Amino acid sequence: MDIINGLAHGFGIALVPQNLLWCFVGCFLGTVVGILPGLGPAATIAILMPLTLNMDPAGGIIMLTGIYYGAKYGGSTTSILLNMPGESSSVVSCIDGYQMARNGRAGAALGIAAIASFIAGTVGIVLLTLVAPAVARFALSFSAPEYFALMAFGLSLVVLLSGASLLKGLLALLVGLWLSTIGIDLFSAQSRFTFGRSELLGGLDFVVIAIGVFAIAEILTTIQHRQEGTLIPVPKGFRNLLPSREELKASRFAFVNGSFTGFIIGVLPGAGSAIASFIAYGIEKAVSKRKEMFGKGAPEGLAAPEGANNADTGGALVPLLTLGIPGGGTTAILLSALVLWGIRPGPLMITESPDIFWGLVASMYVGNVVLLLLNLPLVPLFAQLLRVPTWILFPVIFGLSIIGAYSVSERIFDVELLAAFGLLGFLMAKTGFPSAPLILGFVLGDAMERALRQSLMMSQGDLTTFFQRPISLVLLIAAVVILLLPLVSWFNRARVRAISEGA
């Protein structure tokens, strides 16, 4: 099935009324989540995932992915009106977005954010449509050694980009890999690290860990660092949400910059939309003829990061769908959801599950239009959500988290694990340990161990098999180089600065 026929097939699935409804629900929930500080898309998808297990897989993944990219649209609203990012990818949007609002251009800032998100999001999906089939064809030549090397390469990038301290990133990754080994070893039928608890024989459930590390920890962190801001009112009338011709002209190159920068950064495991938006902002400022306006309400200073954090979604789905390698916490949860539905992301996904792959890609085109409609005419309505008191919001999220963890296996033990991982996630955030390497280590640990064992069985225990195959050799060398790069002082300073300002 070529790209045009595949896309036509995908629209046939995405435009089914039931899937259109799930697409709208996902985009709506994503917008709400993006606006509300304290609950990111990863936590929301983790909480809702148990509820989607009995859904049709196409409808389920369309809704969960809608939450993923919808949150990036909604995050700009809080940044512009309250100078408080709804999620990490909207941090940079505060710089010029809030200043535009203070200068009396709140409506125009919301309009530019929505237009940049729509343009860059669409470019990201087009690039996903074009690039993903080619990557999948290339990956068909991969065997167990190449997959092991690819996962090692991806995890090294995650460690490099997920936090200022490489050591903390590595420790978090090792904890994630260790957690993935708990339970019965399928090769030897021996129990590992169960500490005499029969509940652990089947291993830890990803949903419980994800809800604990993301939802519970994020709420506790938000309560601790709670900020109060002054909400700038949204101008009434659709006309007042449209930017002027001069503002659109000033932002025209920022739309292009954000689109391509966001997609390229999104493909890299571990980088994430926060770093993509920071780099796009830096590029825009570096090439601008009016650098003095940045930080004072420059529309291009808002358009570039907003575009980048939306184009990032298309890039992040390329390695997830074609290689089975998630690049961050949210895509790791999407990977787990696909696996629970019996779908294995990878080079064969396009041919074995065309309904899911092309249906998802087509639904993102539809979702982008839905989000533009939600985030322009209805933005005054969504802004009212910022008035919901946290003493109502947080207990509701706590309750949903407990229900979500309990519903996996209907065991109190999972609720106890939820509390433990919530506390672990909170302590990690408080002490500067990144959570992404832990989650990705847990998600990829089982597949990585399997690829390692299969490689050694193929070579009868000869470790040099990893260095005799060109692709495996190149990926392993790249992984080692990536882990050694922080030893170069100027590179490490630039890395830490990018992570600190993008976080």
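Our subject is the structure that appears above.
From a predicted model like this one, the values you see are computed outputs, not experimental measurements.

K.L.:
Would you mind going over the overall build of the chain in detail, with residue names and values included?
P.N.:
Helix and strand counts for the chain stand at 21 helices and two strands. What you see for the chain is a C-alpha radius of gyration of 22 Å, in line with the 23 Å of a compact globule of 503 residues. Each of the three principal axes of the chain carries a C-alpha extent, and together these read 70 × 50 × 50 Å. Counting across all 503 residues of the chain, residues that qualify as buried make up 57%. Accessible surface computed for the chain: about 20800 Å², of which carbon and sulfur atoms make up 68%. The averaged location of the 26 negative side-chain charges in the chain is 11 Å from the averaged location of its 28 positive side-chain charges.

K.L.:
Describe the packing of aromatic side chains, and please don't skip the residues or the numbers.
P.N.:
Taken as a whole, this structure holds nine aromatic pairs when the rule is applied. Between Phe11 and Tyr365, the aromatic rings sit 5.9 Å apart at their centres with planes inclined by 40°, giving tilted as the arrangement. Note that Phe11 is positioned in helix α1 (residues 3–14) and Tyr365 in helix α14 (residues 354–375), a separation of 354 residues in sequence. Geometrically, the ring pair formed by Phe206 and Phe442 is stacked, given 6.3 Å between the ring centres and 15° between the ring planes. One end of the pair, Phe206, is in helix α8 (residues 206–224); the other, Phe442, is in helix α18 (residues 436–458), with 236 residues separating them in the sequence.

K.L.:
Give me the lowdown on a nonpolar patch on the surface, citing residues and values where you can.
P.N.:
A cluster of nonpolar residues, Val388, Trp391, Ile392, Val396, Leu400 and Ile403, forms a patch on the protein surface that exposes about 590 Å² of accessible area. Examined against the element boundaries, Val396 turns out to sit in helix α16 (residues 390–409).

K.L.:
Go over helix α5 (residues 93–139) with me, naming the residues and quoting the values.
P.N.:
In a regular helix each residue adds 1.5 Å, so 47 residues correspond to 69 Å; α5 covers only 36 Å between its end C-alpha atoms and thus falls short of that length. A bend of about 140° at Gly104 is the largest found in α5.

K.L.:
Let's hear about the pattern of salt bridges: which residues, and what values?
P.N.:
Applying the stated rule across the entire model yields ten salt bridges. The shortest N-O distance in the salt bridge between Asp312 and Lys72 comes to 2.9 Å. Taken together, the residues Asp312 in helix α11 (residues 299–323) and Lys72 in helix α4 (residues 57–82) connect sequence positions 240 residues apart. This pair shows no difference in class: Asp312 is buried, exactly as Lys72 is. Linking Glu199 and Arg197 is a salt bridge whose minimum nitrogen-to-oxygen distance equals 3.0 Å. Overall, Glu199 belongs to the partly exposed group, its relative accessible area being 23%. Through salt bridges with shared partners, one network takes in Asp185, Arg192, Glu449 and Arg453.

K.L.:
I'd like to hear about the side chain of Ser455, residue by residue, with values.
P.N.:
In this fold, Ser455 is placed in helix α18. Using a relative accessible area of 0% as the deciding quantity, one classes Ser455 as buried. For Ser455, the contacting residues outside a window of four places in its chain are Ala144, Pro145, Thr465 and Phe466.

K.L.:
Before we move on, can you summarise the packing of helix α9 (residues 245–267) against α11 with the specific residues and values?
P.N.:
Between α9 and α11, whose axes approach to 6 Å, the crossing angle comes to 30°. In terms of orientation, α9 lies roughly parallel with respect to α11. The crossing of α9 and α11 is right-handed.

K.L.:
Can you explain the environment of Glu306? Please cite residues and give values.
P.N.:
By the element assignment, Glu306 lies in helix α11. Sequence spacing of Glu306 and Tyr281 is 25 residues, and the spatial spacing of their C-alpha atoms is 9.2 Å. A polar contact of 3.4 Å, which involves the side chain of Glu306, links it to the side chain of Ser117.

K.L.:
Help me get a handle on the environment of Gln18, residues and values and all.
P.N.:
Its location among the elements puts Gln18 in helix α2 (residues 17–35). The class of Gln18 is partly exposed, set by a relative accessible area of 45%. Placed 366 residues apart in sequence, Gln18 and Gln384 show a C-alpha to C-alpha distance of 29 Å.

K.L.:
I'd like a rundown of α16, residues and numbers included.
P.N.:
The end-to-end C-alpha distance of α16 is 30 Å, a good match for the 28 Å that 20 residues give at a rise of 1.5 Å each. Regarding α16, the residues found buried are Leu393, Phe394, Ile397, Ser401, Gly404 and Ala405. Buried residues of α16, seen end-on, are gathered within an arc of 95° and therefore sit on one face of the element. Turned more than 90 degrees away from the buried face of α16 sit Trp391 and Ile403, all of them exposed. Residues of α16 that are buried in the fold lie against α3 (41–52), α8 and α17 (412–431). Glu410 sits one or two residues past α16 and shows a positive phi near 55°.

K.L.:
How would you sum up the nonpolar core? Please name residues and give values.
P.N.:
If you look at the biggest cluster of nonpolar residues, it comprises 111 residues, and the most contacted ones within it are Leu64, Leu204, Phe206, Ile333 and Ile439. Those residues in contact with Leu204 that lie beyond four places of it in its chain are Leu179, Ile182, Ile209, Leu417, Phe421 and Phe442. Ala109, Phe255, Ala276 and Ala304 belong to the second largest nonpolar core, which has 26 residues in total.

About the criteria used
- Residues numbered from 1 in each chain as written.
- Predicted model: local features only at pLDDT ≥ 70, side-chain atom pairs only at ≥ 80, totals over all residues.
- Heavy atoms only, no water.
- Helix = DSSP H or I, 4+ residues; strand = E, 2+ residues; numbered from the N terminus.
- Rg over C-alpha atoms; globule rule 2.2 N^0.38 Å.
- Buried < 20%, exposed > 50% of the residue type's maximum accessible area, 1.4 Å probe, protein only.
- Areas by Shrake-Rupley, 256 points an atom, 1.4 Å probe, with all protein chains shown as cover.
- Lys, Arg positive; Asp, Glu negative; His and termini not counted.
- Charge placed at Lys NZ, Arg CZ, Asp CG, Glu CD.
- Phe/Tyr/Trp six-rings, centres within 6.5 Å; stacked < 30°, edge-to-face > 60°.
- Patch = residues over 30% accessible without salt bridge, like charges linked within 9 Å, V, L, I, M, F, W, Y side chains within 5 Å.
- Salt bridge = Lys/Arg side-chain N within 4 Å of Asp/Glu carboxyl O.
- Expected span 1.5 Å × (residues − 1).
- Bend = angle between axes of the 7 residues up to and from the residue.
- Contact = heavy atoms within 4.5 Å.
- Axes fitted to C-alpha atoms, helices over the stretch in contact; angles between N-to-C directions.
- Parallel < 35°, antiparallel > 145°, perpendicular 65-115°, else oblique.
- Left-handed = near helix turned anticlockwise from the far one by under 90°.
- Polar contact = N/O pair within 3.5 Å; in protein donor to acceptor, adjacent residues only side chain to side chain.
- Arc of directions from axis to C-beta.
- Core = buried A, V, L, I, M, F, W, Y, C linked by side-chain atoms within 4.5 Å.

Distances and angles like these do not, on their own, reveal function.
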